[in-house]
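Observations on the three-dimensional arrangement
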Amino acid sequence: MSAFLGPIHTWLYEKIKLQDEMTTYFLNHIDLKEINSVKELNSIKESMNRRYGVLEEGELADIIDGMNIHGWLQERVSMVENRLAYVVTMLQKEEIATLDTICQLAYEYGKTKKQVSSCETVEQAYKMLEDVLLNGMPCDRVNQVVEVEETRLVWKQNIEIHGSYWNMVDGNIEDYYKIREQFICGMLESTMISFEPLDYHTFSLIKKE
């Protein structure tokens, strides 16, 4: 990655912010009916911020460490991955929300991403996902397109980039992929493109007839 701040760094940081925004969305949109749950939820928020830190606000050029651009961004990738894994795992352990509830929230959050409504082809939809989903650093080269047709695109995830964060909190990496699937489906709801996992690390986009 370049030693100078450029468009790729801004692109990555927007994905970092989006993932953390989804974590915050989960915390802010859970339907709480008992005061004990409110206290437990606040405890999870405070513990998350204390353990992993909070993303700085402001323009990237004003907050990034210009002497260590790659390292600074890597730290923020790890931060938001840890925050998501911790929140999802703790919400379930404290019986504040089920995975089904969290997945529904992910779907609703995906629907808020209006920019995807312009996707008309599977290639446009894949580019949109690459612009939105956080998959490590660009140099990790996590995804590889293996098939492209007019109405179908298939890609493979070459390395597991998320599992270590979930392992550290005794979480389940399968939760991440279920949440991500619903987030993608929410984003694609108003398009003619559907998302279909083929196996644990292979995924497809299909243009509906």
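Residues numbered from 1 in each chain as written. Predicted model: local features only at pLDDT ≥ 70, side-chain atom pairs only at ≥ 80, totals over all residues. Heavy atoms only, no water.

1. A short note on the nonpolar core
Formed by 50 residues in total, the largest nonpolar core has its most connected members in Phe26, Leu91, Ile179, Phe183 and Leu205. If sequence neighbours within four positions are ignored, Leu205 has contacts with Val122, Ala125, Tyr126, Leu129, Thr151, Arg152, Leu153, Trp155, Leu188, Ile193, Ser194 and Phe195. (Core = buried A, V, L, I, M, F, W, Y, C linked by side-chain atoms within 4.5 Å. Buried < 20%, exposed > 50% of the residue type's maximum accessible area, 1.4 Å probe, protein only. Contact = heavy atoms within 4.5 Å.)

2. Things to note about the pattern of salt bridges
All told, the structure shown has eight salt bridges when counted by the stated rule. Salt-bridge contacts for Glu21 lead to Lys113; the nearest nitrogen and oxygen are separated by 2.9 Å. Of this pair, Glu21 sits in helix α1 (residues 7-29) while Lys113 sits in the loop between α5 (99-111) and α6 (122-132), placing them 92 residues apart in sequence. The class for Lys113 is buried, based on a relative accessible area of 13%. The residue Asp131 makes a salt bridge to Lys127 at a minimum N-O spacing of 2.9 Å. Here the residue Asp131 and the residue Lys127 both occupy positions in helix α6, the gap between them amounting to four residues, near one helical turn. Its relative accessible area of 32% is what places Asp131 among the partly exposed residues. Each of Glu56, Glu75 and Arg76 takes part in a single network of salt bridges with overlapping partners. (Salt bridge = Lys/Arg side-chain N within 4 Å of Asp/Glu carboxyl O. Helix = DSSP H or I, 4+ residues; strand = E, 2+ residues; numbered from the N terminus.)

3. A word on helix α8 (residues 173-187)
The end-to-end C-alpha distance of α8 is 22 Å, a good match for the 21 Å that 15 residues give at a rise of 1.5 Å each. The set of residues buried in α8 consists of Ile173, Asp175, Tyr176, Tyr177, Ile179, Arg180, Phe183, Ile184, Gly186 and Met187. Here α8 starts with a cap whose side-chain oxygen sits 2.9 Å from the backbone nitrogen of Glu174, and that cap is Asn172. (Expected span 1.5 Å × (residues − 1). Polar contact = N/O pair within 3.5 Å; in protein donor to acceptor, adjacent residues only side chain to side chain.)

4. A few points about the packing of α1 against helix α4 (residues 69-93)
In contact at an axis separation of 10 Å, α1 and α4 are set at 20° when each is read in the N-to-C sense. As judged from the angle between their axes, α1 and α4 are roughly parallel. Considering the relative orientation of α1 and α4, their crossing is left-handed. Where α1 abuts α4, its residues His9, Leu12, Tyr13, Ile16, Gln19, Asp20, Met22, Thr23, Phe26 and Leu27 lie against Ile69, Trp72, Leu73, Arg76, Val77, Val80, Glu81, Arg83, Leu84, Val87 and Val88. (Axes fitted to C-alpha atoms, helices over the stretch in contact; angles between N-to-C directions. Parallel < 35°, antiparallel > 145°, perpendicular 65-115°, else oblique. Left-handed = near helix turned anticlockwise from the far one by under 90°.)

5. Examining the side chain of His9
On the secondary structure map, His9 appears in helix α1. One polar contact links the side chain of His9 to the main-chain carbonyl oxygen of Phe4, over a distance of 3.3 Å.

6. Things to note about the side chain of Gln157
Within the secondary structure, Gln157 is located in strand β2 (residues 152-157). A residue is classified by how much of its surface remains accessible, and Gln157, at 3% relative accessible area, is buried. Within polar-contact distance, the side chain of Gln157 engages the side chain of Tyr177 at 2.6 Å. If we skip the residues at most four places from it in the chain, Gln157 touches Asn135, Val142, Asn143, Tyr177, Arg180, His201 and Phe203.

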